[in-house]
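# Survey of secondary and tertiary structure
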Amino acid sequence: MRAKLFLLALPLLFAPALAGDAEDEAAVLAAIDKGREAFQAKKPQEAIESLQKAIGLIQAKAMKNLATFLPARDDKEWELGEVDTQQGNWGSGEQSFQWTQVSRRYTKKGAEDGPEVNVMISNSPQIIEAQRSMLQMFKDPAMRAMMSQGNEGQKVDVIEDGEWLGMITSEKGRCNANIVHRKVMVQIEAERGDEKLVKEFWDALDRKGLAEATTK
């Protein structure tokens with residue numbers, strides 16, 4: 001039964017992300033079909049190998065899609081690092097979920113010891129749910145004030161934009177923000193940067209497109 005449900009769920013979960021790329025979609029569906037045939041022929045190992053191949057192709061496409069939402073910056077002003085990609089599996093059995101994470105480092109040009117900004121986008125459900133629970137608490141100003149007690153110079157603010165909810169923390173020449181939507185999280189970390197710089201990168205991110213791409 002689990003295998004049957006898994007086979008049925010794959011096209012529903014990932015077909016929107018593959019739209020417009022016929023070759024990738026055909027390769028994924030072929031691997032799924034091969035896995036289904038092997039399962040029906042009572043060849044579980046072959047079924048697993050085929051379905052794992054399908055998952056690998058889907059993950060590769062998901063990583064590529066997420067990377068397109070990393071903020072675009074003027075390369076005359078910023079040095080753009082290579083896109084770093086990671087992927088893995090969370091949970092087990094029917095509760096398992098594949099996660100993808102992409103990140104890029106941006107370094108200010110022409111300034112000695114200038115700011116560096118790292119932007120990460122992840123669709124890991126475990127991290128997102130943990131962050132969402134914490135952020136709901138910090139919507140309370142009293143909770144934010146309590147968090148800053150004993151941390152002189154620390155400033156904590158909440159970011160709310162539609163269904164996006166996040167927290168931005170500034171302290172002694174560094175600033176970071178963690179913002180979540182229903183199925184995606186964005187983290188922006190600025191070394192030798194301030195809240196203004198972090199918000200600049202947040203504004204440069206196509207968050208409407210990212211939200212739509214990850215909730216279809």
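Conventions and cut-offs
- Within every chain, residues take consecutive numbers counted from 1 along the sequence as written.
- The model is predicted, so local features are restricted to residues of pLDDT at least 70 and side-chain atom pairs to those at 80 or more, both for listing and for counting; the totals for chains, interfaces and linings are taken over all residues.
- Side-chain numbers here rest on the full set of heavy atoms in the structure, without hydrogens or water.
- Strands are runs of DSSP state E lasting at least two residues, helices are runs of H or I lasting at least four, and both sets are numbered from the N terminus onward.
- Throughout, exposure labels follow a simple rule: accessible area from a 1.4 Å probe, protein chains only, divided by the maximum for the residue type, with under 20% read as buried, over 50% as exposed, and the rest as partly exposed.
- We call two residues in contact when some of their heavy atoms are within 4.5 Å.
- Accessibility throughout is a Shrake-Rupley quantity obtained with a 1.4 Å probe, and a residue counts as covered only by protein chains that appear here.
- Planes of paired rings set the category: under 30 degrees apart is stacked, over 60 is edge-to-face and the rest tilted, where pairs are Phe, Tyr or Trp rings (Trp by its six-membered ring) whose centres lie within 6.5 Å.
- Should the NZ of a Lys or the CZ of an Arg lie within 6 Å of a ring centre and within 35 degrees of the ring normal, that charge is described as sitting over the ring.
- The arc in question is formed by the directions pointing from the helix axis toward the C-beta atoms.
- Here the nonpolar core consists of buried residues drawn from Ala, Val, Leu, Ile, Met, Phe, Trp, Tyr and Cys, with membership extended through side-chain atoms lying within 4.5 Å.
- A pair is scored as a salt bridge if a Lys or Arg side-chain nitrogen falls within 4 Å of a carboxyl oxygen belonging to Asp or Glu.
- By this definition, two strands are paired if DSSP reports at least two bridges between them.

This next bit is on the overall build of the chain. When helices and strands are counted, the chain shows seven helices and eight strands. Within the chain, buried positions represent 38% of all 216 residues. Intrachain contacts of the chain at a sequence separation of at least 6 include 51% that bridge at least 24 residues. Looking at the chain as shown, the accessible area adds up to about 12700 Å², and 50% of this sits on carbon and sulfur atoms.

Let's shift gears to the packing of aromatic side chains. For any pair of aromatic rings, geometry is given as the distance between the ring centres together with the angle between the planes. The final tally for this structure, using the stated rule, is three aromatic pairs. Seen in terms of ring centroids, Trp-78 and Phe-201 are 5.2 Å apart; in terms of plane orientation they differ by 85°. Their pairing is edge-to-face. With Trp-78 in strand E1 (residues 78–80) and Phe-201 in helix H6 (residues 195–204), this pair connects stretches of sequence that are 123 residues apart. Of the two residues, Trp-78 and Phe-201, both sit in the buried class. Each member of the aromatic cluster is reached from another via a ring pair, and the members are Trp-78, Tyr-106 and Phe-201. The aromatic ring of Phe-201 is capped on one face by Arg-73, whose charged end is 4.7 Å from the ring centroid.

Take Glu-191: it is sitting in strand E8 (residues 185–191). Apart from the residues lying within four places of it in its own chain, the contact partners of Glu-191 are Pro-115, Glu-116, Gly-173 and Arg-174.

Time to look at unusual backbone geometry. A positive phi angle, close to 50°, is found at Lys-172, a residue other than glycine. Within the secondary structure, Lys-172 sits in the loop between strand E6 (164–171) and strand E7 (174–180). At Arg-192, a position not held by glycine, the phi torsion is positive, near 55°. Mapped onto the elements of the fold, Arg-192 is located in the loop between E8 and H6.

When you line up the elements, Asn-123 lands in the loop between strand E4 (116–122) and helix H4 (125–137). With relative accessibility at 17%, the residue Asn-123 sits in the buried group.

Our focus in this paragraph is H6. Burial in H6 covers these residues: Glu-195, Leu-197, Val-198, Phe-201 and Trp-202. The buried side chains of H6 occupy one side of the element, clustering within an arc of 165° when seen end-on. Opposite its buried face, H6 presents the exposed residues Lys-196 and Asp-203, each directed more than 90 degrees away.

What follows is about the nonpolar core. Counting residues in each nonpolar core, the largest one holds 26 residues, and the members touching the most others are Val-117, Ile-121, Val-186 and Leu-210. Going through the elements one at a time, strand E3 (97–108), E4, E6, E7, E8, H6 and helix H7 (207–215) are the ones with two or more residues in this core. By residue number, the principal contributor to this core is H6, which donates four residues. Sequence-distant contacts of Val-117, defined by excluding residues within four places in its chain, comprise Trp-78, Arg-104, Arg-105, Tyr-106, Ile-188, Glu-189, Ala-190, Leu-197 and Phe-201. By size, the runner-up hydrophobic cluster in this structure holds nine residues, among which are Met-120, Ile-128, Met-167 and Val-180.

Here the focus is the pattern of salt bridges. Evaluation of the coordinates by the stated rule reveals 13 salt bridges. Close ionic contact of Glu-129 with Arg-132 constitutes a salt bridge, the shortest N to O distance being 4.0 Å. Of this pair, Glu-129 and Arg-132 both sit in helix H4, three residues apart, roughly one helical turn. The class for Glu-129 is partly exposed, based on a relative accessible area of 45%. A salt bridge links Arg-207 to Asp-161; the shortest N-O distance between them is 2.6 Å.

Further remarks concern the pairing of strand E5 (residues 155–161). In this sheet, E6 lies alongside E5 in antiparallel orientation, the contact comprising seven bridges. Bridged to Val-158 within E6 is Met-167.

A word on the pairing of E6. Summarising burial for E6: seven of the eight residues are buried, a large majority. Between E5 and E6, which pair antiparallel one after the other, the connecting turn spans two residues, and Gly-162 there sits at a positive phi close to 65°. Between E6 and the antiparallel strand that follows it, E7, lie two residues; Lys-172 among them carries a positive phi value of about 50°.

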